[in-house]
Amino acid sequence: MNNTHEIVQRLLDWYDMHARDLPWRRSPDGYPVWVSEIMLQQTRMQTVLDYYRRWMEVFPTLEVLAQADLQQVLQVWEGLGYYTRARNLHRAAQMVMEQHGGVIPTERKALEQLPGIGRYTAAMIASVAYNKDEAALDGNIRRVYARLFNLEEPLGTTAAEKTLWAIAEDLLPTGRAGDYNQALMDFGSVVCTPQLPACDTCPLNDLCVAYRLGVVAERPLRQPKKDLPRRKVAAAIIEREDGRILLTQRPAQGLYGGLWEFPGGKQEPGETLPDTLQREIVEELGARIAVGTQFGVYEHTLTHFHMTLHAFLCHLVDGDQPQALEAQAMVWALPGEMDAYPMAKVDRQIATELMARLQQSTSSDSA
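Only a predicted model underlies this, so the values are computations on that prediction, with no experimental measurement involved.

**Description of the overall build of the protein chain**
The number of helices and strands found in the protein chain is 15 helices and 7 strands. Across its three principal axes, the protein chain shows a C-alpha extent of roughly 85 × 50 × 45 Å. The buried share of the protein chain, taken over its 367 residues, is 50%. In the protein chain, once contacts between residues fewer than 6 apart in sequence are set aside, the share between residues at least 24 apart is 66%. Total accessible area on the protein chain stands at roughly 18,300 Å², and carbon and sulfur atoms take up 50% of it. On the protein chain, the mean spot of the 36 positive side-chain charges and the mean spot of the 47 negative ones are 5 Å from each other.

Structure below.
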């Protein structure tokens, strides 16, 4: 038996003994596997577990998800980030109901036609749920292969991807692709970890080229990271005399599509932050505001940029009434009502602090 066959057999033997007990593995139906794979894109396993359980309580079947309101979907997803995943999952569920009679496609190529499902996710659904012989590559699997075969091209390059997919296709065991793909994922999470891999006790160490050459810590090679651009953003907490605060809903497409926020936008060259807010509110809502004291400063890093958001307490100039010119919708909400509106992380922080300050004020008044 050559090394590649030995690698496969040892990984399957290891998985048979050490497979993680994950909720979607207890009933490997297409829908739970699909949900888990979408959630695991760019999110750590430990974070996903709680969100997965909550999701399945609210949307236990594909049909229930397809019939749900998008706002409810975003609310259940809130905090998991990368909200396009939730919107795509919701739309894809509707497409399966409309175009496939509620039956999830079992073939990779058909799965790839659904929103949010690429080659890897389609391969995992097809192999794990439907026992199709499909190879898969994710971050864990790329790392394992890069070390086992001492890949010298940086990840993300065309040469590296070509080599890795060739390895994945060559090693795929007929009839056990689902177990094998999951074995690689678990192995990369538990043994062949990014930092401090357990090489001394690894069942593959005698077959690992990087281990033999003493370069495990240098594999996989990565392309140099570019410095993220920085954006300064201002947000307006516009309060009425009755204590209600204005929230606006972002357009359905684009960053944070469909989520609710405190209106505002990016600072332009030459502007002060109050200038930014006054311009943005006129553009977005057709209203003028008076900018008051700063409420808070919030740092947040996204995929393509780092954001520093400055929130200010504001009120409308007498007689001005806002209109949803650039937003999908707008609402005046009390701080205690804001949990009903799905928000991105920073806006939720502001909403939580508003509620905390209100409670503190109420407590002081009653003392």
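Now that the structure has been shown, the text picks up again.
**Overview of the packing of aromatic side chains**
Tallying each qualifying case throughout the model produces 7 aromatic pairs. The interplanar angle of 70° and the centroid separation of 6.0 Å between the aromatic rings of Y83 and Y256 together place this pair among those described as edge-to-face. Of the two residues, Y83 sits in the loop between helix 6 (70–77) and helix 7 (84–99) while Y256 sits in the loop between strand 2 (245–249) and strand 3 (260–261), which places them 173 residues apart along the sequence. Taken together, a centroid distance of 6.3 Å and an interplanar angle of 65° make the contact between Y145 and F149 edge-to-face. Under the relative-accessibility criterion, F149 is labelled partly exposed at 31%.

**Brief notes about unusual backbone geometry**
That bond from R219 to P220 is cis: its omega, 0°, falls within 30 degrees of zero. Its location among the elements puts P220 in the loop between helix 13 (209–213) and strand 1 (230–238). Positive phi, close to 50°, is recorded for N150, a residue that is not glycine. Residue placement: N150 occurs in the loop between helix 10 (139–148) and helix 11 (158–171). Among the residues examined, N150 registers a relative accessible area of 10% and is labelled buried.

**Points about the layout of surface pockets**
Of the volumes computed, that of the largest pocket is approximately 580 Å³. Sorting the residues of the lining of the largest pocket by element identifies helix 3 (30–40), helix 4 (45–58), helix 10 and helix 12 (177–190) as the ones contributing at least two each. Within the lining of the largest pocket, the residues separate by chemical class into 5 nonpolar, 9 polar and 5 charged.

**Considering helix 14 (residues 273–285)**
Over its 13 residues, helix 14 runs 18 Å from end to end, which matches the ideal 18 Å to within 8%, given 1.5 Å per residue. Every buried residue belonging to helix 14 is among L273, T276, L277, E280, I281, E284 and L285, and all of these are buried. For helix 14, the angular spread of buried residues about the axis comes to 120°, placing them on one side. Buried residues in helix 14 make contact with strand 1, strand 2, strand 4 (264–266), strand 5 (289–301), strand 6 (306–316) and strand 7 (329–333). Positive backbone phi, approximately 65°, marks G286, located one or two places after helix 14.

**Quick notes on the sheet that holds strand 1**
In space, the 4 strands of this open sheet follow the order 4-1-6-5, with mixed pairing throughout. With one partner strand each, in any of the chains shown, strand 4 and strand 5 form the two edges of the open sheet. Strand-to-strand twist of the sheet, defined as the mean angle between neighbouring strand axes without regard to direction, takes the value 20°.

**Let's talk about the packing of helix 1 (residues 3–18) against helix 12**
Across the interface, helix 1 lies against helix 12 with an axial gap of 9 Å and an inter-helix angle of 75°. As summarised for this structure, helix 1 and helix 12 are arranged roughly perpendicular, according to the angle between their axes. Contacts between helix 1 and helix 12 involve V8, L11, L12, W14 and Y15 from the former and D179, Y180, Q182, A183, L184, D186, F187 and V190 from the latter. Looking at the contact of helix 1 with helix 12 residue by residue, the classes come out as 10 nonpolar, 1 polar and 2 charged.

**With respect to the pairing of strand 1**
Alignment of strand 1 against strand 6, held across 9 bridges, turns out to be parallel. Each bridged residue has a counterpart across the sheet, and for A236 the counterpart in strand 6 is F312. Strand direction decides the pairing type here: strand 1 and strand 4, joined by 3 bridges, are antiparallel. By the bridge assignment, A235 is partnered in strand 4 with G264.

**Brief notes about the nonpolar core**
With 109 residues, the main nonpolar core has W34, W55, Y145, F262 and I350 as its most contacted residues. In terms of residues, this core owes the most to one element, helix 9 (residues 119–130), which gives 8 residues. Once you skip the residues sitting within four places of it in the chain, Y145 turns out to touch L137, N150, L164, I167, A168, L171, Y180 and L184. Core analysis: the second largest hydrophobic core is formed by 14 residues, I238, L285, F312 and C314 among them.

About the thresholds
- Residues numbered from 1 in each chain as written.
- Predicted model: local features only at pLDDT ≥ 70, side-chain atom pairs only at ≥ 80, totals over all residues.
- Heavy atoms only, no water.
- Helix = DSSP H or I, 4+ residues; strand = E, 2+ residues; numbered from the N terminus.
- Buried < 20%, exposed > 50% of the residue type's maximum accessible area, 1.4 Å probe, protein only.
- Contact = heavy atoms within 4.5 Å.
- Areas by Shrake-Rupley, 256 points an atom, 1.4 Å probe, with all protein chains shown as cover.
- Lys, Arg positive; Asp, Glu negative; His and termini not counted.
- Charge placed at Lys NZ, Arg CZ, Asp CG, Glu CD.
- Phe/Tyr/Trp six-rings, centres within 6.5 Å; stacked < 30°, edge-to-face > 60°.
- 1 Å grid on protein atoms, 1.4 Å probe; cavity = no way out; pocket = protein on both sides within 12 Å on 5 of 7 lines; lining within 4 Å.
- Points joined across faces, edges and corners; volume = space filled by probe spheres on them.
- Nonpolar A, V, L, I, M, F, W, Y, C, P; charged D, E, K, R; others polar.
- Expected span 1.5 Å × (residues − 1).
- Arc of directions from axis to C-beta.
- Pairing = 2+ DSSP bridges.
- Axes fitted to C-alpha atoms, helices over the stretch in contact; angles between N-to-C directions.
- Parallel < 35°, antiparallel > 145°, perpendicular 65-115°, else oblique.
- Core = buried A, V, L, I, M, F, W, Y, C linked by side-chain atoms within 4.5 Å.

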